[in-house]
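Structural description and commentary
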Amino acid sequence: MLRLTTDCNSGCHHCTVADVPADQTRAPREALAELVQARKQGSDELVFMRGEPTLRPDLPALAKAARKVGYRLIQIQTNGRRLCYAPYLDKLLAAGVDYFEVSLFGATAATNDAVSVEQGAFEQTLAGLRLLAERGVQSGGRVGTLVTFAVLRANLHELTAAAELVAELGLSRLQYNFTRPVRVDGAWRREVLARLDEAGPPLRAAMARARELGLWVSTEAVPLCQLDPADRGAAEQARDFAEVRVVDFHQRHESFAQHHRVARPLGPRCPECAVVDRCPTTWRAYQELFGTDELRPLAEPDADVPS
Ligand code: SF4
């Protein structure tokens, strides 16, 4: 996972890039050197992380170079706005980008654009997602798309509508991300955050609806005790991070597994929980801000949870 830039064309207040120290952008030559070095060390999947990598004019060239040195999967994390321009999207595809993780902040223009502080963002992202759905079909499934929906106080009422929107667009993968609190200039941006207990009921309803629609639905940083048993198997697990190498501006992790528990520690009662070994819990910063009373140990492991 390689961060190219902290720049973005949206201005979301909850943005988890906001607390990456300093506005930074990686020189093209350095980006190339990082991806070549990681490939030599065995990485064969590359993710260009947020900020907004599509603002980088050298993104297609970097993707092409990554293919050339042998990456078998190239993914970008994006707000999807620039993907509404078909020639640009096709240029990325031709360069070898084959997976798109597209952030959505609402299921309506009013909610999405209020969060992203950019009028018209929703229509652009939607147009990008429509094109991605088309290209996915045209490529026989080689081009993949995951819609990540940031769970925030402002959009809890649209979680189910988001699942319906993703299905309507002809896409099949949706992840609800419980947003990490960020602190900027010493102040936590608390006002944008949902509490787990208020997010839990609409989230469970949305995931049930998503399953009903045939979507592959998952979560990030949502404790298993906040999910229905049927959805607990799709939550991310600590082992998913063991082979992730992160190259950020202010830190590097050769394996993210250890950092994962630092970023999302167990609550004081978690050790007595039946699913503690596979629970992602939630952000350390959230636990420090709001306490751990919303993490409630489960008495029984779930039967038939897919691994
Ligand atoms: S009590 Fe802790 S370990 Fe158990 S499901 Fe909740 S957050 Fe996870």
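Up top you'll find the structure we're talking about.
Right, let's walk through the structure included here.

Basis of the calculations
Residues numbered from 1 in each chain as written. Predicted model: local features only at pLDDT ≥ 70, side-chain atom pairs only at ≥ 80, totals over all residues. Heavy atoms only, no water. Helix = DSSP H or I, 4+ residues; strand = E, 2+ residues; numbered from the N terminus. Buried < 20%, exposed > 50% of the residue type's maximum accessible area, 1.4 Å probe, protein only. Contact = heavy atoms within 4.5 Å. Areas by Shrake-Rupley, 256 points an atom, 1.4 Å probe, with all protein chains shown as cover. Lys, Arg positive; Asp, Glu negative; His and termini not counted. Charge placed at Lys NZ, Arg CZ, Asp CG, Glu CD. Salt bridge = Lys/Arg side-chain N within 4 Å of Asp/Glu carboxyl O. Axes fitted to C-alpha atoms, helices over the stretch in contact; angles between N-to-C directions. Parallel < 35°, antiparallel > 145°, perpendicular 65-115°, else oblique. Left-handed = near helix turned anticlockwise from the far one by under 90°. Nonpolar A, V, L, I, M, F, W, Y, C, P; charged D, E, K, R; others polar.

1. Side note on the overall build of the chain
A tally of helices and strands in the chain yields 10 helices and 11 strands. When its C-alpha atoms are laid out on the principal axes, the chain stretches across 50 × 40 × 40 Å. In the chain, which comprises 307 residues, the proportion classed as buried is 54%. Long-range pairs, those at least 24 residues apart, make up 71% of the contacts in the chain between residues at least 6 apart in sequence. Per element, the accessible surface of the chain, about 13700 Å² overall, is 51% carbon and sulfur. Computing the positive centroid from 37 side-chain charges and the negative centroid from 40, the chain places the two 5 Å apart.

2. Describing the pattern of salt bridges
On inspection of all chains with the given rule, the structure shows 19 salt bridges. In this structure, the salt-bridge partner of E220 is R264, at a minimum N-O distance of 3.7 Å. Taken together, the residues span a long stretch of sequence, with E220 in strand β9 (residues 216–220) and R264 in the loop between α9 (257–263) and α10 (284–290) at a distance of 44 residues. Across the pair E272 and R269 runs a salt bridge whose closest N-O atoms are separated by 3.7 Å. Overall, the relative accessible area of 54% leaves E272 in the exposed class. Assessed through its relative accessible area of 46%, R269 is described here as partly exposed.

3. Some remarks on the packing of helix α3 (residues 86–95) against helix α5 (residues 121–138)
Relative to each other, α3 and α5 sit at 45°, their axes nearing to 11 Å. Considering their axes alone, α3 and α5 lie oblique with respect to each other. Of the two elements, α3 crosses α5, and the hand of that crossing is right-handed. The segment α3 lies against α5, with A86, L89, D90 and L93 engaging L131, L132 and R135. Split by residue class, the contact of α3 with α5 holds 5 nonpolar, no polar and 2 charged.

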